[in-house]
Amino acid sequence: MVGQRKQKGDQVTPSIRIFLVCAFLLAACGEKNVYVPPPPPEVKVSQPLSQPVTEYGEFTGNTQAVNTVKLKARVEGYLEKIFFQDGDRVKKGQLLFLIQQNTYEAKLKETQAEILANKARLEHAQTEFARFSRLVKQKAAAQTDVDRWRYERDAARAAVMAAEAKRDLARLDLSYTEVRAPFAGRVGRRLKDVGNLVGAGEETVLAEINQIDPIYVYFNINEQELLRVRSREDTAAQKAKEEKWPAYFGLANEKGYPHKGYLDFAAITLSPTTGTLLLRGVFPNPEAQVLPGLFARVRVPVAEPKPALLIPEVALGYDQQGPYVMVVDDQNVVKRVAVKLGAQVDDDRVVEAGLQKSDWVIVSGLLRAIPGKKVNPQKETAQKAADAKTSQARPTSPGKSAP
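Residues numbered from 1 in each chain as written. Predicted model: local features only at pLDDT ≥ 70, side-chain atom pairs only at ≥ 80, totals over all residues. Heavy atoms only, no water.

## A word on the overall build of the protein chain
Scanning the protein chain from terminus to terminus reveals six helices and 22 strands. Counting only residues that meet the buried cut, the protein chain has 32% of its 403 residues in that class. For the protein chain, long-range pairs separated by at least 24 residues make up 75% of all intrachain contacts whose partners lie at least 6 apart in sequence. Total accessible area on the protein chain is roughly 26600 Å²; 53% of this is exposed by carbon and sulfur atoms. (Helix = DSSP H or I, 4+ residues; strand = E, 2+ residues; numbered from the N terminus. Buried < 20%, exposed > 50% of the residue type's maximum accessible area, 1.4 Å probe, protein only. Contact = heavy atoms within 4.5 Å. Areas by Shrake-Rupley, 256 points an atom, 1.4 Å probe, with all protein chains shown as cover.)

Below, the structure written as structure tokens:
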């Protein structure tokens, strides 16, 4: 019996525990739940950067040599020597090919001998003419003798002049046996080897040479862009006439437009098939790194520098209504502002309309910014952001660039 009582006492204890737990839960349920909203998302904002900006026109073109000459054999003969390696850079007047000279040296000597013979005949004719002129005055000679020696004198004088002309031609032919570079540049591969007969009744091209310092860049401007530039009410057009108008270009593997030159030519009429005007720029190329025929990206200023507002390109958004930015007002509320964009300047973009200099534009955290909702803006000045970008772009040590 005693054992049974103990078992009943043990069964009462868990029931009491359950009762106490339920009472505690009921007491806790008496308190009301209160919703705590999450904090506003954090975003970075910056004011537009105000600075003078030059508007540029961007085009595509290709490079061409300033001068291109095909070196041809101007006299007939066997090619004796070649004085360059294919692809060499040569100086103006440098000897490149030598054609056999013995034939032309002999012709030059022959003409020189002919000059001497004609001068001797001229001297003899002058002497006889002077003598017979004296004798005819003394009535010791006939007038026909005087006339004959006058003719001989004049004919000998003409023969001397003809012989001198032949000598000059022979000397010119002899000079043509030396084919020299007409200007400093790069010479291509030789098209004829030593021992070949050249200039024999046909135009024999020996090699081609290009002058690539400076180098030309040709590009086209379309009709709409041309009319827009010409309609501007500033001094750009007049300045372009009075001084060299700057131009810049970069190759396909180069960042930006590192090569600076100037415009020197514009076609006098637009192409009726493409509606474009051909322009040309001249650029220094002292190291001959830019070769003819390369694709080039060209940038030309089309107006004088003017004050403008710039914002980072990453701050822009686009939808069916056009480009826009997210702006934070005095109450830290986000609102969408439509903008009109201008030229691109490095990683920034010119805003022509829609923004004020005092506006705070969201530049980071755009995915967390919802129009009409509050945010927690972290303000930084545009100049500070620009300095940060500059410091990231600087080399960390000599010869090494920042990642």
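Once the structure has been displayed, the description carries forward.
## Examining the packing of aromatic side chains
Within this structure, the stated rule accounts for five aromatic pairs. Aromatic side chains Phe59 and Phe219 sit 5.3 Å apart centroid to centroid with 25° between the ring planes, which places their arrangement in the stacked category. On the criterion of sequence distance, the pair formed by Phe59 in strand E3 (residues 56-73) and Phe219 in strand E10 (residues 204-222) is long-range, its members being 160 residues apart. In this structure, Phe59 and Phe219 share a single accessibility class: buried. Taken together, a centroid distance of 4.7 Å and an interplanar angle of 75° make the contact between Phe249 and Phe283 edge-to-face. One end of the pair, Phe249, is in strand E11 (residues 245-251); the other, Phe283, is in strand E13 (residues 276-283), and 34 residues separate them in sequence. Here the two residues Phe249 and Phe283 agree in accessibility, since each one is buried. Positioned above the aromatic ring of Tyr262, the side-chain terminus of Lys244 is 4.5 Å from the ring centre. (Phe/Tyr/Trp six-rings, centres within 6.5 Å; stacked < 30°, edge-to-face > 60°. Lys NZ or Arg CZ within 6 Å of the ring centre and 35° of its normal.)

## Observations concerning the packing of helix H2 (residues 102-137) against helix H3 (residues 143-176)
Two packed helices can be described by the angle between their axes and the distance between those axes. Contact pair H2 / H3: the axes reach a minimum separation of 7 Å and the direction vectors enclose 165°. On the basis of the axis angle, H2 is roughly antiparallel to H3. Judged by the twist between their axes, the crossing of H2 over H3 is left-handed. Here the contact of H2 with H3 is composed, by residue class, of 16 nonpolar, seven polar and 16 charged. (Axes fitted to C-alpha atoms, helices over the stretch in contact; angles between N-to-C directions. Parallel < 35°, antiparallel > 145°, perpendicular 65-115°, else oblique. Left-handed = near helix turned anticlockwise from the far one by under 90°. Nonpolar A, V, L, I, M, F, W, Y, C, P; charged D, E, K, R; others polar.)

## Concerning the pattern of salt bridges
For the coordinates displayed, the defined rule picks out 15 salt bridges. Arg150 is paired through a salt bridge with Asp147; the nearest N and O atoms lie 3.0 Å apart. Of this pair, Arg150 and Asp147 both sit in helix H3, three residues apart, which is roughly one turn of the helix. The partly exposed category is assigned to Arg150, whose relative accessible area is 32%. Classification of Asp147 by relative accessible area gives partly exposed; the value is 37%. A salt bridge links Asp319 to Arg336, with the nearest nitrogen and oxygen atoms 3.0 Å apart. Linking Asp319 in strand E16 (residues 317-319) with Arg336 in strand E18 (residues 334-338), this pair joins segments that are 17 residues apart in sequence. Using a relative accessible area of 29% as the deciding quantity, one classes Arg336 as partly exposed. Salt bridges sharing common partners tie together Glu55, Glu225 and Arg228. (Salt bridge = Lys/Arg side-chain N within 4 Å of Asp/Glu carboxyl O.)

## Topic: the environment of Phe132
Relative to the helices and strands, Phe132 is located in helix H2. For Phe132, a relative accessible area of 16% puts it in the buried group. Separated by 17 residues in sequence, Phe132 and Trp149 place their C-alpha atoms 8.0 Å apart. Once residues within four sequence positions are removed from consideration, Phe132 is found in contact with Ala141, Asp145, Val146 and Trp149.

## Topic: the sheet that holds strand E2 (residues 49-53)
Across the sheet, four strands lie side by side as E2-E15-E20-E19; this open sheet has antiparallel pairing. Strands with a single pairing partner mark the edges of an open sheet, and in this sheet they are E2 and strand E19 (340-345). Within this sheet the neighbouring strands show an average axis-to-axis angle of 45°, counted without direction. Sheet analysis places strand E15 (residues 306-312) next to strand E20 (residues 348-353), joined by four bridges and oriented antiparallel. Its bridge partner lying in E20, Pro312 is registered against Asp348. (Pairing = 2+ DSSP bridges.)

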